[in-house]
Structure formats: C-alpha cells, structure tokens
Amino acid sequence: VQLQASGGGLVQTGGSLTLSCAASARTFSSHAMGWFRQTPGKERVFVAAIDWRGSTTDLADSVKGRFTISRDSAKRTEYLQMNRLKPEDTAVYYCAARPSFDSNTNRDPVVYPYWGQGTLVTVSS
C-alpha cells in the first residue's frame, strides 16, 4: 500500500484545513488508517485513527472536538478535517495504514507498516 498525503499549508489561528491521504491499492478498503504529526526534534505523535469500515474512530485528546477523521473507500482516501487550528498544531502530518484497528495499539506508530510522505501544516499566531 502506497500512501500520498496532501492538503497542508499555512493557515491563521482559528482557521481550517483538510488533509487527504490517497492509497494506491485496493487493500486500502480493508486497512485501518491513521494520522500522526511530528515537529523537529520530537517523536511522531498520534492524532487520529479510523477502522476499515469508517465506523469507529479514535482521536488524541489534544484534537478532540476540533479534528475529524473520515474515509471514502470508493476513492481510497482518508481525510483529516482540522478546525479551530492552534499554533501548537503546527507540524508535519503523516498518514499511515495498518491491517487492523486495535484501540489498544492505535496510538503507537510502530504498528503501522505503511506511511505517506508527510505534509506540512503551519498555523500562524
């Protein structure tokens, strides 16, 4: 599974952005998907995950109520709708895929074998 993330950019505090992650293979429809973010010198941090049906999601506490994860299996694409952005949301955002959704391990980047190249989100104050 190859993943291509897009949609990053520069936005003011309080603004919105939608990230997309397009998958190359039909196996996408059976994979759980996730989003992580990373700032320079720090580890990759969990943002959100969604199961293969799109019916179960998991969001980091720092983004609950502001971010929404979704997917469109027909388009082999997952999305991260980001609202009320804050300067601390500034990071490179990575999409990821794994064969199963497990709420006990979703937040660990090690369990995701497939990664996109990252897209930069900058929130100005």
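Residues numbered from 1 in each chain as written. Predicted model: local features only at pLDDT ≥ 70, side-chain atom pairs only at ≥ 80, totals over all residues. Heavy atoms only, no water.

A. Just the pattern of salt bridges, in detail. Enumeration according to the criterion identifies 4 salt bridges in this entry. Its salt-bridge partner being Arg37, residue Asp89 comes within 2.9 Å of it at the nearest N-O pair. Of this pair, Asp89 sits in the loop between strand S8 (77-82) and strand S9 (91-98) while Arg37 sits in strand S4 (residues 32-38), and the two are 52 residues apart along the sequence. Overall, Arg37 belongs to the buried group, its relative accessible area being 13%. Measuring nitrogen to oxygen at the nearest pair gives 3.3 Å for the salt bridge that ties Asp61 to Lys64. Accessibility expressed as a relative area gives 60% for Asp61, which makes it exposed. For Lys64, a relative accessible area of 47% translates into the label partly exposed. Residues participating in the shared-partner salt-bridge network are Arg37, Arg66 and Asp89. (Salt bridge = Lys/Arg side-chain N within 4 Å of Asp/Glu carboxyl O. Helix = DSSP H or I, 4+ residues; strand = E, 2+ residues; numbered from the N terminus. Buried < 20%, exposed > 50% of the residue type's maximum accessible area, 1.4 Å probe, protein only.)

B. View of the side chain of Arg66. Checked against the element boundaries, Arg66 lands in the loop between strand S6 (57-59) and strand S7 (67-72). Polar contacts involving the side chain of Arg66 include one to the main-chain carbonyl oxygen of Ser62, which spans 2.9 Å. In this structure Arg66 touches Gln81, Met82, Asn83, Arg84, Leu85, Lys86 and Asp89, once residues within four positions along its chain are discounted. (Polar contact = N/O pair within 3.5 Å; in protein donor to acceptor, adjacent residues only side chain to side chain. Contact = heavy atoms within 4.5 Å.)

C. View of the state of the cysteines. As enumerated under the stated definition, the model contains 1 disulfide in all. Covalently, Cys21 is tied to Cys95 through a disulfide, its sulfur atoms 2.1 Å apart. The sign of the 65 degrees torsion about the S-S bond sets the Cys21-Cys95 disulfide as right-handed. Of the two residues, Cys21 sits in strand S3 (residues 17-23) while Cys95 sits in strand S9, which places them 74 residues apart along the sequence. (Disulfide = S-S within 2.5 Å.)

D. Spatial organisation of the nonpolar core. Ranked by size, the top nonpolar core spans 32 residues in total, and within it Trp35, Val47, Phe67, Leu80, Met82 and Tyr93 carry the most contacts. For this core, the secondary-structure elements that each account for two or more residues are strand S1 (3-6), S3, S4, strand S5 (45-50), S7, S8, S9 and strand S11 (119-124). (Core = buried A, V, L, I, M, F, W, Y, C linked by side-chain atoms within 4.5 Å.)

Spatial relationships are all this shows, so hold off on functional conclusions.
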